[in-house]
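# Residue-level structural notes
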Amino acid sequence: MTFLKVIRWMVWKDLISEVRSRETISSMFFFALIVILVFSFSFSMDQQAARELIAGIIWVAFVFTGIIGLGRSFSVELQNDCLEFLQMSPASKGAMYLGKVMANLIFMLTVEIILFPMFVIFFNLDVIEEIHILLLIFFLATFGLSAVGTLFSALTVQIRAREVMLPILLLPLVVPVMIAAVEATKGALNGDPLAGYWQWLELLAIFNVVFTVVSFWMFEFVMDS
Amino acid sequence: MNKVIRRIQRYQGWFGAGAAGCLLVGLYLGLIASPPDYYQGEVVRIMYIHVPLAHTSLLAYTVLFGGSVWYLWKRDPLVDNMCHAAAGLSAVFTSLALFTGMIWGKPTWNTWWTWDARLTSFTVLLLILIGYLMLRTFIDDPEREARFAAVVAIIGFVDLPIVHFSVEWWRTLHQPQSFSLRGVSISSDLLFPLIMMSIGMSLLFTYMLLVRTQMLYLTNLLHAKKGRLLGQFHLSKADS
Amino acid sequence: MIAISGQEISKTYGYYQVLREVNLEVGCGECYALFGPNGAGKTTLLRILATLQRPTTGRFEILGRDGVKERDTVRATLLLLAHGCHLYEDLNAWENVQFALALRGLSLAQRQVKAVLDRVAIGAFADMKVRFFSAGMKKRLALAKAMLAQPKVLLLDEPFSTLDKAGIEILKQFILETLARGGGVLMATHNQEKAAEVAKRAGVLSHGALKPVPLQDLKTHDFS
């Protein structure tokens, strides 16, 4: 019971702080916008090329903005030594982990849902029929990012050169998420039958289960002495 | 000094000698005695180096994983030294495996690099190991360094099979695996030197692991002793 | 029962030895004051006792519970009041208190929280974001959180700094209340005069080694 309560309080705390300061979501959003712009300049795409590349571009933008959000997730805990407070707290570290994963998931999904219409407009995508499956892909892949990213955010925030180390450690590990998300998104945008890319959703689900469990266990060692 | 270290010092020579013996026999059989391959000709001989290197890098990472779990459980600094040593060696063996793979790839596949499942997985492995080694240099508290490094090693180890599967699926989707070694049966006069080399390389890794672990342990011991003397000096100066 | 008991605690960073075999005992209902110049290892010692760091060698017990093996039990009984006040800038005072208590598994009546906030004289600012608080107000809010948590073992790192006279008086009262409840208090400070008013015993950390000093020396010697 207290376990669920701690999760709820952690999510509540992060959400309230974000609603008041709007620091994380707005910085993620504008960073993503810039990424989209840079991509459209550097590839100068026509309709045909856009269809080939768009899934990759979407996910590169999402992963990079995700890293910004994840990095902030624990660097805000450094103010007034709040991280220390969490470490000293008798509450379950696993519950704190799940709370943070959820808060990060909410932030990242919010940004993705605001951004996606922009991709649709800028790159002339046709998505109405596949929107539900796209949302499922976004959810699964973002959950995977959040599950591993939250652990590494908590880890890198306690070391030197933390802004550099988070992407260096995180990006190789989320290669499967990247591949699966891009392939599934490509399938959905092309209007392929679901069976054609269903395996990628399964891969994402497996990744999420494995890494939620392992990170839940490892978080204890990251937060504790 | 630590009992384990003394035991290592007594037995490490056997591993070194064993490695030298196996590697010499394996190299002779592989490079001179064995016949050239029907399709690849003399080029195939790099296999006797490349494949054992790849095996050993995975062995090293498995040792790193086991050691990391052990460290988090027992918190023995010596185990952490072993992990540090295994990670460095794994990185070296992985880079050599990638390098020899590229040399092999040029004449047989006619390209230095291809995004084949195995090559890609090994590249990801190398990136994880480099991240691991970088992380270790960015932490001041040795206890925290050991703990965080163990976490990274464990997560990376769990990730590797998933990376491999995802890349393999991805490859089969985009182009048939014409390059794959799988299905090519190896005749026994090629297999025996390969096994010799693999055993030799594993023994070499073990020997290097023992030496390197010892080195890291003794360096830490030296630092600690130096620190204690330095502290005593300051203390006596403060008293007088 | 012994509130804090440390046996041969050492802490080493590479070859820099911060603490060398510190033995320390603080009984229940006793306040121990820790002095020493900057960099003597006071904060490290407090952080180890607060379960934030592990000692390199040696062990410690809080209320008879091993500080490493029974960490979660220990954490529920102790509280560290440190420089960073453990406050979230975008939450208001009220929410900060609620969050801190929730993580300790406590839920107190609003009336009780209000009373304590009034006692540290920030009741009027309870709805204000902590971002707009001054350093002294933050310290007072941290003090309020500690008062509501009612820890059995209290670790204080430079508690008197940034507080005004009235604030110091409230803190002193809180220390005395904790002692009266049978709690143990360990404080690291440079303020010998104030420490002498509450402490029963005192010690000086120098280059990581702890030496006890008689209380009457606090008035005459400068230990920092």
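Now for a description of the structure that goes with this document. Keep in mind the model is a prediction, meaning the values are calculated, not measured.

## Let's talk about the overall build of chain A
Secondary structure summary: chain A contains 9 helices and 0 strands in total. Put simply, chain A runs from its N terminus to its C terminus through helices and strands in the order α-α-α-α-α-α-α-α-α. Compactness check: chain A gives a C-alpha radius of gyration of 18 Å against a globular reference of 17 Å for 225 residues, within 12% of the reference. Along the longest, intermediate and shortest principal axes, the C-alpha atoms of chain A span 55 × 35 × 30 Å.

## Describing the nonpolar core
Counting 152 residues, the largest nonpolar core has Phe-119 and Phe-152 of chain A as the members making the most contacts within it. Setting aside its immediate chain neighbours within four residues, Phe-152 of chain A contacts Leu-166, Leu-169, Leu-170 and Leu-173 of chain A together with Val-152 and Ile-155 of chain B. Leu-101, Ile-122, Ala-144 and Val-185 of chain C belong to the second largest nonpolar core, which has 48 residues in total.

## A few points about the interface of chain B and chain A
The partner chain A presents 30 residues to the 32 residues of chain B that form the contact. Both sides together, the interface formed by chain B and chain A hides about 2900 Å², and carbon and sulfur atoms give 77% of it. By the criterion of area lost to chain A, the three top residues of chain B are Phe-138, Ile-155 and Trp-169 of chain B, representing 22% of everything that side buries. Close ionic contact of Asp-140 of chain B with Arg-160 of chain A constitutes a salt bridge, the shortest N to O distance being 3.1 Å. No other element matches helix α5 (residues 142–174) of chain B, which puts 19 residues into the side of chain B that touches chain A. Residues that form the side of chain B that touches chain A fall into these classes: 21 nonpolar, 5 polar and 6 charged.

## Topic: helix α4 (residues 110–119) of chain C
Residues and elements named next belong to chain C. Those residues of α4 that fall on the buried side of the exposure criterion are Val-113, Val-116 and Leu-117. Angularly, the buried residues of α4 cover 100 degrees about the axis, an arc narrow enough to put them on a single face. One or two steps after α4, the chain reaches Ala-121, where phi turns positive at roughly 65 degrees.

## As for a nonpolar patch on the surface
Residues and elements named next belong to chain B. Together, Leu-27, Tyr-28, Leu-31 and Ile-32 make up a nonpolar patch on the protein surface, roughly 380 Å² of accessible area in all. Relative to the assigned elements, Leu-31 resides in helix α1 (residues 3–33). Judged by its relative accessible area of 40%, Leu-31 falls in the partly exposed class.

## So, the sheet that holds strand β5 (residues 65–66) of chain C
All names here are of chain C. Across the sheet, which stays open at both edges, the 4 strands sit in the order β2-β1-β4-β5 with antiparallel pairing between neighbours. The sheet is open, and its two edges are formed by β2 (16–27) and β5, each paired on a single side. Judged from the 5 bridges that link them, strand β1 (residues 2–13) and strand β4 (residues 57–62) form a sheet pairing that is antiparallel. When the bridges of β4 are listed, Ser-5 appears paired with Glu-61. Here helix α1 (residues 42–49) sits on the sheet in contact with β1, β2 and β4, set at roughly 60 degrees to β2.

## Side note on the state of the cysteines
Evaluated as defined, the whole model comprises 0 disulfides over all chains. In this structure Cys-82 of chain A is a free cysteine whose sulfur lies 9.5 Å from that of Cys-85 of chain C, the closest cysteine sulfur available. Here Cys-31 of chain C is not disulfide-linked; the sulfur of Cys-28 of chain C is the nearest cysteine sulfur, at 13 Å.

## Points about helix α3 (residues 77–109) of chain B
The terminal C-alpha atoms of α3 of chain B lie 46 Å apart, and with 33 residues this matches the ideal 48 Å at 1.5 Å per residue to within 8%. One or two steps after α3 of chain B, the chain reaches Asn-110 of chain B, where phi turns positive at roughly 65 degrees.

## Let's talk about the side chain of Asn-104 of chain A
Relative to the elements of secondary structure, Asn-104 of chain A occurs in helix α5 (residues 93–122). Discounting residues that sit within four places of it in the chain, Asn-104 of chain A has contacts with Gly-69, Leu-70, Ser-73, Ser-146 and Thr-150 of chain A.

## A few points about the interface of chain C and chain B
Each partner contributes residues to the interface: chain C has 13 residues there, and chain B has 16 residues. Of the roughly 1200 Å² buried between chain C and chain B on both sides combined, carbon and sulfur atoms contribute 55%. Here chain C and chain B share 1 salt bridge between them. Along the contact surface separating chain C from chain B lie 0 residue pairs in polar contact (both at pLDDT 80 or more). At the level of secondary structure, the elements contributing two or more residues to the side of chain C that touches chain B comprise β1, β2 and β10 (209–213) of chain C. Looking at the side of chain C that touches chain B element by element, the count peaks at 3 residues for β1 of chain C. For the side of chain C that touches chain B, the class distribution of residues is 3 nonpolar, 6 polar and 4 charged.

## What to know about the packing of aromatic side chains
For the structure shown, the criterion picks out 21 aromatic pairs over all chains. Measuring from ring centre to ring centre gives 5.7 Å for Tyr-61 of chain B and Phe-157 of chain B, while their planes differ by 70 degrees; the resulting arrangement is edge-to-face. A residue pair is termed long-range when its members are at least 10 positions apart, and Tyr-61 of chain B in helix α2 (residues 47–74) and Phe-157 of chain B in helix α5 qualify at 96 residues. Assessed through its relative accessible area of 1%, Tyr-61 of chain B is described here as buried. Taken together through their ring pairs, the aromatic side chains of Trp-59, Phe-62, Phe-116, Phe-119, Phe-123 and Phe-138 of chain A make up a single cluster. The positively charged end of Lys-100 of chain A is found above the aromatic ring belonging to Phe-74 of chain A, 4.8 Å away from the centroid.

## What about a positive patch on the surface?
Taken together, the side chains of Lys-3, Arg-6, Arg-7 and Arg-10 of chain B make up a positively charged region of the molecular surface. Mapped onto the fold, Arg-10 of chain B is located in helix α1.

## Structural notes on the packing of helix α7 (residues 162–173) of chain A against helix α4 (residues 117–137) of chain B
At their nearest, the axes of α7 of chain A and α4 of chain B sit 9 Å apart, and the two run at 155 degrees to each other. With respect to α4 of chain B, the element α7 of chain A is oriented roughly antiparallel. Like other packed secondary-structure pairs, α7 of chain A and α4 of chain B cross with a definite hand, here left-handed. Taken together, the residues of α4 of chain B that come into contact with α7 of chain A (itself represented by Met-165, Ile-168, Leu-169, Pro-172 and Leu-173 of chain A) are Val-124, Leu-127, Ile-128, Gly-131, Tyr-132, Met-134 and Leu-135 of chain B. Class assignment for the residues of the contact of α7 of chain A with α4 of chain B results in 11 nonpolar, 1 polar and no charged.

## Observations regarding the side chain of Asp-80 of chain B
Tracing the backbone shows Asp-80 of chain B in helix α3. Beyond its immediate chain neighbours, meaning those up to four positions away, Asp-80 of chain B contacts Tyr-71, Arg-136 and Ala-146 of chain B.

## Re unusual backbone geometry
With phi around 55 degrees, Arg-75 of chain B is a residue other than glycine that occupies positive phi space. By the element assignment, Arg-75 of chain B lies in the loop between α2 and α3. The class for Arg-75 of chain B is buried, based on a relative accessible area of 17%. A positive phi angle, close to 40 degrees, is found at Glu-21 of chain C, a residue other than glycine. Within the element layout of this structure, Glu-21 of chain C appears in strand β2. Here Glu-21 of chain C falls in the exposed class, since its relative accessible area comes to 53%.

Definitions and cut-offs
Residues numbered from 1 in each chain as written. Chains lettered and ligands numbered in written order. Predicted model: local features only at pLDDT ≥ 70, side-chain atom pairs only at ≥ 80, totals over all residues. Heavy atoms only, no water. Helix = DSSP H or I, 4+ residues; strand = E, 2+ residues; numbered from the N terminus. Rg over C-alpha atoms; globule rule 2.2 N^0.38 Å. Core = buried A, V, L, I, M, F, W, Y, C linked by side-chain atoms within 4.5 Å. Buried < 20%, exposed > 50% of the residue type's maximum accessible area, 1.4 Å probe, protein only. Contact = heavy atoms within 4.5 Å. Buried area = accessible area lost by both parts, 1.4 Å probe. Salt bridge = Lys/Arg side-chain N within 4 Å of Asp/Glu carboxyl O. Nonpolar A, V, L, I, M, F, W, Y, C, P; charged D, E, K, R; others polar. Arc of directions from axis to C-beta. Patch = residues over 30% accessible without salt bridge, like charges linked within 9 Å, V, L, I, M, F, W, Y side chains within 5 Å. Areas by Shrake-Rupley, 256 points an atom, 1.4 Å probe, with all protein chains shown as cover. Pairing = 2+ DSSP bridges. Axes fitted to C-alpha atoms, helices over the stretch in contact; angles between N-to-C directions. Disulfide = S-S within 2.5 Å. Expected span 1.5 Å × (residues − 1). Polar contact = N/O pair within 3.5 Å; in protein donor to acceptor, adjacent residues only side chain to side chain. Phe/Tyr/Trp six-rings, centres within 6.5 Å; stacked < 30°, edge-to-face > 60°. Lys NZ or Arg CZ within 6 Å of the ring centre and 35° of its normal. Lys, Arg positive; Asp, Glu negative; His and termini not counted. Charge placed at Lys NZ, Arg CZ, Asp CG, Glu CD. Parallel < 35°, antiparallel > 145°, perpendicular 65-115°, else oblique. Left-handed = near helix turned anticlockwise from the far one by under 90°.

Worth remembering: the numbers are spatial, not functional.
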